[in-house]
Amino acid sequence: MIPIDDSPIVRDGKVLILAMDHGLEHGPVDFEDVPEKLDPSTVFETATHDAVTAMAVQKGIAEGYYPSYEDDVNLLLKINGTSNLWMGEPDSAVNCSVDYAAELGADALGFTVYGGSNNEIEMVEEFRDVQEAGREHDLPTVMWSYPRGQGLKNDTKPSTISYATRLALELGADVAKVKYPGSKEAMAHAVDCAGDMKVVMSGGSKTSDYEFLSTVEAVMDAGAKGLAVGRNVWQREDPTHLLDALEKVIYEGETADAALDE
Ligand code: FBP
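As recorded in an unreviewed UniProt entry, the protein chain goes by the name fructose-bisphosphate aldolase, listed as coming from Halovivax ruber.

Given below as structure tokens:
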């Protein structure tokens, strides 16, 4: 097992994952305002920015597009996923094996666990297989730790996000990707609950440059190690401008104001 800090998806202890699995998770609706981004090559181009430590995609996108980018982009293969067409209790189908992810050139694995769902038991058992196979291949596992389900009315309240990070630590994730719990203090507690495991914030729907960078600044101040972001980067007309600023906030510890001023 290689230390997570030696993984190619980590730069100076930090992580910036560019996620583009939305075509599966949300459907083409996320591309309505940016139809050119339906071509995954456009987002792989964005992922060549130095700030990005890995791009997260599903198997089909990796098969079709990663070969052209394997020298410039680190691959995080998302092993499970669900479409918005699914109307049942939160669940996520395992659609790729770890062996095949390794064959495709993955540098890390991604796996969603919906703690609190009526399907939690099966999802955690599936995560066990993926995490242990990842260890055999020296591939770290990033958990999309998203508590949700019938019994959970608010999936971003502080106690839920702290539970999400702790759950990921206890199950052996190397990085937990969680939603922002609404304040720096709540994020700091979620980071404390994660022990020495890295916590990164999930991006969410697109906001203004300043609003997004200010939240990232708060999250970094809270001890998180970066971001796993999709729409807030690739739905922008000029993703490079935001990535330049994110590079300063995440790796250089600058404030949102300073990063946007330059
Ligand atoms: P965003 O930054 O666009 O929110 O992407 C992060 C992500 O986790 C994606 O990997 C995934 O497709 C999406 O959010 C799922 O979000 P949700 O389940 O909340 O709709």
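The feature "active site" (unreviewed entry), as given by UniProt, occupies Tyr146 and Lys177 in the numbering adopted here. Taken along the chain, the residues just named run across 32 residues; in space they keep tight, none of their C-alpha pairs more than 8.1 Å apart. Structurally, Tyr146 can be placed in the loop between β7 (141-145) and α6 (158-171). Take Tyr146: there are 24 C-beta atoms within 10 Å of it, and that puts it in the buried class. With near-sequence residues (within four places) excluded, Tyr146 lies in contact with Thr112, Tyr114, Asp155 and Ala164. Locating Lys177 in the fold gives a position in strand β8 (residues 175-178).

So, about the site of the ligand. Neighbouring the ligand are 14 residues, the closest being Ala19, Glu25, Gly203, Gly230 and Arg231. At the level of secondary structure, the elements contributing two or more residues to the shell around the ligand comprise α1 (22-25), β10 (226-229) and α9 (231-234). By residue class, the composition of the shell around the ligand is four nonpolar, seven polar and three charged.

Attention now moves to the sheet that holds strand β9 (residues 198-202). Strand order in the closed barrel made by the eight strands is β1-β2-β3-β6-β7-β8-β9-β10, with parallel pairing throughout. Averaged over all pairs of adjacent strands, the angle between strand axes in this sheet comes to 25°, irrespective of strand direction. Sheet topology places strand β2 (residues 54-57) next to strand β3 (residues 75-78); three bridges connect them, and they run parallel. Residue pairing in the sheet places Ala56 in a bridge with Leu76 of β3.

To continue, consider the environment of Cys96. The topology assignment puts Cys96 in the loop between β5 (93-94) and α4 (98-103). On the basis of neighbour counts, which here come to 21 C-beta atoms within 10 Å, the residue Cys96 falls in the buried class. Between the C-alpha atoms of Cys96 and Val15, which are 81 residues apart in sequence, the distance is 23 Å. Residues in contact with Cys96, not counting those within four places in the same chain, are Lys59, Leu77, Ile79 and Ala101.

Look at helix α8 (residues 209-221) against helix α10 (residues 239-251): their axes get within 10 Å of each other, and the N-to-C directions meet at 20°. If you check the angle between α8 and α10, you find them roughly parallel. Considering only the axes of α8 and α10, their crossing is right-handed. Across the interface between the two elements, Asp209, Leu213, Val216, Glu217 and Met220 of α8 pack against Leu242, Ala245, Leu246, Val249 and Ile250 of α10. Of the residues contributing to the contact of α8 with α10, the split by class is eight nonpolar, no polar and two charged.

Next up on the list: helix α7 (residues 184-193). Residue pairs spaced three or four apart in an α-helix point in one direction, given the helix's 3.6 residues per turn. Within the sequence span of α7, burial applies to Ala186, Met187, Ala190, Val191 and Cys193. What you see down the axis of α7 is that its buried residues fit within an arc of 160°, all on one side. Buried residues belonging to α7 abut α6, β8, β9 and α8. A positive backbone phi angle near 60° is found at Gly195, which sits one or two residues after α7.

By size, the foremost hydrophobic cluster in this structure holds 81 residues, and its most contacted members are Ile17, Leu18, Met55, Ala56, Leu76, Leu109 and Ala176. When residues in this core are grouped by element, the largest group, six residues, is from α10.

Once that is clear, we can look at the pairing of β7. Counting buried residues in β7 gives five out of five residues, a clear majority hidden from the surface. Pairing of strand β6 (residues 108-113) with β7, which is carried by five bridges, proceeds in the parallel orientation. Pairing of Phe111 across the sheet is with Met143, part of β7. The handedness of the β6 to β7 crossover, carried by helix α5 (residues 120-136), is right-handed. Of the strand pairs in this sheet, β7 and β8 are connected by three bridges, and their pairing is parallel. Within β8, the residue paired with Val142 across the bridge is Val175. With α6 bridging β7 and its parallel neighbour β8, the resulting β-α-β unit is right-handed.

Definitions and cut-offs
Residues numbered from 1 in each chain as written. Predicted model: local features only at pLDDT ≥ 70, side-chain atom pairs only at ≥ 80, totals over all residues. UniProt positions renumbered as here; feature names shortened; annotations may be inferred. Helix = DSSP H or I, 4+ residues; strand = E, 2+ residues; numbered from the N terminus. Buried ≥ 20, exposed ≤ 12 C-beta atoms within 10 Å, placed from the backbone. Contact = placed C-beta atoms within 7 Å. Near = placed C-beta within 6 Å. Nonpolar A, V, L, I, M, F, W, Y, C, P; charged D, E, K, R; others polar. Pairing = 2+ DSSP bridges. Axes fitted to C-alpha atoms, helices over the stretch in contact; angles between N-to-C directions. Parallel < 35°, antiparallel > 145°, perpendicular 65-115°, else oblique. Left-handed = near helix turned anticlockwise from the far one by under 90°. Arc of directions from axis to C-beta. Core = buried A, V, L, I, M, F, W, Y, C linked by C-beta atoms within 7 Å. Right-handed = clockwise from strand over helix to strand, strands pointing away.

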